[in-house]
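A closer look at the structure
Next come the chains, spelled out residue by residue.
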Amino acid sequence: MARDVWHSRLGFIMAAVGSAVGLGNLWRFPWMTSENGGAAFLLVYLGVVLCVGVPGLLAEFVIGRRSRRSPVGAFSSLSDSTLWRVFGHLSVVIAVVLLSFYSVVGGWILRYFGASLTGAYFSNPGQYFATVSYGLDAVGFHLLFLAITGLIVVRGIKRGIENATKLMMPAVVVLLVVLAAWASTLDGAGAGLAFYLSPDVELLEADLLGILPAAAGQALFTLSLGSGTMITYASYLDEERSLAADGAAIAVLNTCIGVLAGLVVFPLLFALVGDAGTGGPGALFVGLANAFVAVPYGRAVGAVFFAVVSLAAISSSISMLELPVSFLVDEYGVSRRRATALFVGVFTVTGSATAFSPGLFDFVAGTLVDLLMTAGLIGFLLFTGWVVGQNAVTEYELGAGAVASALSTPWLYAVGVVIPVFLIFTLVSGIAAALGVSITAVELWGVTISQPRLFAGLSVVIAVVSFLGLRRPASVA
């Protein structure tokens, strides 16, 4: 079966940016930022994007383009061990987890677009969200969102995903710029900008361990890292173009759109509500809905805003559905139409489950996604550095310029050694936080061992054992 390819470089970049932007920037980012100290969270998040996100994005691109396969086939074809297929299958699991809650939020967005036009939530935004966010209504709109996603994916790479994202992403950027410019003119917007752009250093020092896992999880979520999506998208590349240039462009565009979304959300909230909103999954829907109630022409402003979020949500959801669809197409020769229909059926069930249970939704959309995507990226990076090894450098350098090529070896050491240690530390901290584990400082041989030091030491031990077990002739060291 002939494998689909991207028609153009712009199409690939727009699709990858669309996958990265989505609700990660427009829904989850305000939620995470408001609950983790505003600008303090933003500062840590930007640092993780730069130091972890960009190198990790390139690692997934290398695996995808070199293998020309979806994640399961990629790990199998690039390694002599079938054990690595576990990480490929983990990608499919992560995609299922992601779209199982993402389609529910997408349904909320579609509902709020219509409700903005009619003013349905204007009398009591909080009560409206509580009424429609879970239950049969939520299931119905989840199915509508899923159907739209399926109709795009079933058309394939060129006619479906590429064409759709070429239209969606410019529209998202233009509308966000207009909304940000307007929001900055409102009385009280300065307080929102201060909350968003002026970090509290004392808060960072006091709660870095609490902020770090959330910021790392958000960075991976918003760049679609650790789920295998970028491996899948890069597998459709048929030219020796610069992966470094494409990766940098995608990361910069995604980060700029994310920051721009914050310049819309927080000035609006502080100007019209007085604070950062309610937090939690409903932050976007309750806080901003209150803002739209207070602003002149609120129905029109709300409709435009939720139209932007709808486009971004669909651009991301198609990448989540494409991953398991490509798995069936590549590994089992299933037709795209059948594969799409099968997984739409799967997500109909799993998404309906989260749409009925607020507790399950919160766990899946927050803790579970953060931990799974962190674990997934750790596996991808270790595979790149310690299994693909010098062949990864060869793939990285294809089509790269002089500057990018000069950074190839440092990049390999970063993805093979430095970043995995950091991510293992983040994963250990996140698991401890999820389990409610708190360890008091102890004194050993005159040295005070705090919880961060203990976790850091444990992370290094796990990393060293992993490195030794994965060592190959072509490894980083």
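In this report, we go over the structure that sits alongside the text. (Residues numbered from 1 in each chain as written. Predicted model: local features only at pLDDT ≥ 70, side-chain atom pairs only at ≥ 80, totals over all residues. Heavy atoms only, no water.)

**Some words on the pattern of salt bridges**
Which entries qualify depends on this criterion: Each salt bridge in this description consists of a side-chain nitrogen of Lys or Arg and a carboxyl oxygen of Asp or Glu lying within 4 Å of one another. Helix and strand assignments come from DSSP, with helices taken as H or I runs of at least 4 residues and strands as E runs of at least 2, each series counted from the N terminus. Whether a residue is buried, partly exposed or exposed follows from its accessible area with a 1.4 Å probe, protein chains only, as a fraction of its type maximum: under 20%, in between, or over 50%, in that order.
For the structure on display, the rule yields five salt bridges. Between arginine 65 and glutamate 395 there is a salt bridge, and its shortest N-O distance comes to 2.7 Å. Of this pair, arginine 65 sits in helix H2 (residues 39-67) while glutamate 395 is found in helix H16 (residues 390-397), placing the two residues 330 residues apart along the sequence. The same class applies to arginine 65 and to glutamate 395, which are both buried. A salt bridge links arginine 336 to glutamate 322, with the nearest nitrogen and oxygen atoms 2.8 Å apart. You can see arginine 336 sitting in helix H14 (residues 336-356) and its partner glutamate 322 sitting in helix H13 (residues 298-332), a full 14 residues away along the chain. A relative accessible area of 17% places arginine 336 in the buried class. Judged by its relative accessible area of 0%, glutamate 322 falls in the buried class. Among the charged side chains, a salt-bridge network with shared partners connects Arg65, Arg66 and Glu395.

**Some points on the packing of helix H4 (residues 85-118) against helix H15 (residues 358-388)**
Two quantities define a packed helix pair, namely the angle between the helix axes and the distance between the axes. What counts here: Here the axes come from fitting lines to C-alpha atoms, over the contacting stretch only for helices, and the angles between their N-to-C directions go from 0 to 180 degrees. Here roughly perpendicular refers to angles of 65 to 115 degrees, roughly parallel to angles under 35, roughly antiparallel to angles over 145, and oblique to all remaining angles. When the near helix sits turned anticlockwise from the far one by under a right angle, the crossing is termed left-handed; a clockwise turn instead gives a right-handed crossing. Any two residues having at least one pair of non-hydrogen atoms within 4.5 Å are treated as being in contact. Classification convention: Asp, Glu, Lys, Arg as charged; Ala, Val, Leu, Ile, Met, Phe, Trp, Tyr, Cys, Pro as nonpolar; all other residues, Gly among them, as polar.
It is the contact of H4 with H15, at a shortest axis distance of 10 Å, that shows an interaxial angle of 150°. Judged on the interaxial angle alone, H15 and H4 are roughly antiparallel. The interaxial crossing formed by H4 with H15 has left-handed handedness. Residues Phe87, Leu90, Ser91, Ile94, Val97, Leu98, Phe101, Val104, Val105 and Trp108 of H4 touch H15, and the partners they reach there are Phe361, Val364, Ala365, Leu368, Val369, Leu372, Met373, Ala375, Gly376, Gly379 and Phe380. Classifying every residue of the contact of H4 with H15 by side-chain character gives 18 nonpolar, three polar and no charged.

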